[in-house]
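Survey of secondary and tertiary structure
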Amino acid sequence: MLQMAKMVWIGLTALICIAGTFAAVPSSIKVCSRNDPDLNRCITESVNDLRPRLATGKISDEFRIPPLEPLALSTVNMDRGAEFKATFSELLVSGPSKFKIDNLKVNIEKLIFDFNIFLPKLSFKGKYDLKIKLLLLNIAGVGDLTGVIENNHARVKLLCEKYTKDGKEYIRVKKLLVRIEIEKGRFDMKDLFRGDPVLSQAGNQFINENSRLFLDELTPGLERSLSDTFKSTANEIMQQAAFDEIFPA
């Protein structure tokens, strides 16, 4: 779940950063010239100006994206071998629109976008199906999941490239790199150990008392899932405007 929550906020921010630089179509988005001497600041301000619209998904009357509040996530699978298998589904996450972006660095010639993301708090609910080994304890169950993760940080790097379509130059994401860090989290998984109330309570207590280990196990798979998912999402958005429209001279 942690991973999905991460997927939420990073995905959302990666998507947001893209939407922030996607200055071509809706008039509600601030256009940033590629020759702006302070392009990093311009894009950051564009993203910040968009934040209220991103929460509802209504960028303009003609341009909409899935709303960030709450953010709905599809199934997320984690598989790190026989000792760590988990699936999270039907996820709804609250809090992603509170993101903050900073330390944005843009290399417009090489089409590299590098930035930090911070999300103070994400609350989530959904379904889980997991079978993991945490320290010496084997934990398994299927059921409802709720939780909170706080002080979420990520470093995101977008490596883009140009391509030609219908006589115009467009850009697309060649690679999306994500490194995430979650300070703390709390989880409540119903029906651990086939619904045994005593073991279920003990299992949740054990996970929360060792949440750092649990989060560390989830993080690598989460980073991979986020990179793949949001590379695809970013490209869907960016293909709607040519490079000269996104970054006019």
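Reference entry: report on the structure contained in this document. (Residues numbered from 1 in each chain as written. Predicted model: local features only at pLDDT ≥ 70, side-chain atom pairs only at ≥ 80, totals over all residues. Heavy atoms only, no water.)

**Some words on the overall build of the protein chain**
A count of helices and strands for the protein chain gives five helices and seven strands. In the protein chain, the succession of α and β elements from N to C terminus is α-α-β-β-β-β-β-β-β-α-α-α. Here the analysis covers contacts within the protein chain between residues at least 6 apart in sequence; of these, 69% occur between residues at least 24 apart. A total of about 12000 Å² of accessible surface is found on the protein chain, and carbon and sulfur atoms cover 48% of it. (Helix = DSSP H or I, 4+ residues; strand = E, 2+ residues; numbered from the N terminus. Contact = heavy atoms within 4.5 Å. Areas by Shrake-Rupley, 256 points an atom, 1.4 Å probe, with all protein chains shown as cover.)

**Things to note about helix α2 (residues 39-56)**
The end-to-end C-alpha distance of α2, which contains 18 residues, comes to 27 Å, matching closely the 26 Å that a straight helix rising 1.5 Å per residue would cover. Roughly 45° is the biggest bend found in α2, and it falls at L50, with proline P52 one to four residues downstream. Every buried residue belonging to α2 is among L39, C42, I43, T44, S46, V47, L50, L54 and A55, and all of these are buried. (Expected span 1.5 Å × (residues − 1). Bend = angle between axes of the 7 residues up to and from the residue. Buried < 20%, exposed > 50% of the residue type's maximum accessible area, 1.4 Å probe, protein only.)

**Here we look at the pattern of salt bridges**
Applying the stated criterion to the full structure yields nine salt bridges. We note a salt bridge from E169 to K162, for which the minimum N-O separation is 3.6 Å. Among the ionic contacts, a cluster of salt bridges with common partners joins D38, R41 and E45. (Salt bridge = Lys/Arg side-chain N within 4 Å of Asp/Glu carboxyl O.)

**Remarks on a nonpolar patch on the surface**
Together, L135, L136 and L213 make up an exposed nonpolar region whose accessible area comes to about 330 Å². If you trace the backbone, L135 turns up in the loop between β5 (112-134) and β6 (137-165). Its relative accessible area of 49% is what places L135 among the partly exposed residues. (Patch = residues over 30% accessible without salt bridge, like charges linked within 9 Å, V, L, I, M, F, W, Y side chains within 5 Å.)

**So, the pairing of strand β4 (residues 100-107)**
As paired strands, β4 and β5 are joined by six bridges and run antiparallel to one another. Bridging across to β5, I101 finds its partner in I117. Hairpin connection between β4 and β5: a loop of four residues separates the two successive antiparallel strands, and L111 in this loop has a positive phi of roughly 55°. (Pairing = 2+ DSSP bridges.)

**Comments concerning the pairing of strand β7 (residues 168-189)**
Pairing of β6 with β7 involves 20 bridges; the strand directions are antiparallel. Paired with T146 across the two strands is D188, which belongs to β7. Linking β6 back to β7 in an antiparallel pair, the connection comprises two residues, with D166 at a positive phi of about 55°.

**Some remarks on the environment of A242**
In this structure, A242 sits in the loop between α4 (211-238) and α5 (243-246). In the structure, A242 is positioned 73 residues away from E169 in sequence and 5.7 Å away in space, judged by C-alpha atoms. If near-sequence neighbours (up to four positions away) are discounted, A242 is found in contact with K168, E169 and Y170.

**Section: the packing of aromatic side chains**
Applying the stated criterion to the full structure yields three aromatic pairs. For the pair F187 and F214, a centre-to-centre distance of 5.1 Å together with 80° between the ring planes defines the contact as edge-to-face. Residue F187 is located in strand β7, and its partner F214 is located in helix α4; the two are separated by 27 residues in the primary sequence. Given the relative accessible area of 2%, F187 is considered buried. An aromatic cluster of at least three residues, connected via ring pairs, comprises F124, F187 and F214. (Phe/Tyr/Trp six-rings, centres within 6.5 Å; stacked < 30°, edge-to-face > 60°.)

**A word on unusual backbone geometry**
The phi dihedral of N151 falls on the positive side, at around 55°, and the residue is not glycine. In this structure, F193 takes a positive phi of about 55° despite not being glycine. Along the polypeptide, F193 turns up in the loop between β7 and α3 (197-209).

**A closer look at the environment of L54**
Within the element layout of this structure, L54 appears in helix α2. Look at L54 and you get buried, because its relative accessible area is 0%. Once the C-alpha coordinates of L54 and S97 are considered, the two residues, 43 residues apart in sequence, prove to be 6.9 Å apart.

**Brief notes about the side chain of S200**
With respect to the helices and strands, S200 occurs in helix α3. There is a polar contact of 3.3 Å between the side chain of S200 and the backbone nitrogen of L192. Those residues within four positions of S200 in sequence are excluded, and the remaining contacts are M189, K190, D191, L192 and F193. (Polar contact = N/O pair within 3.5 Å; in protein donor to acceptor, adjacent residues only side chain to side chain.)

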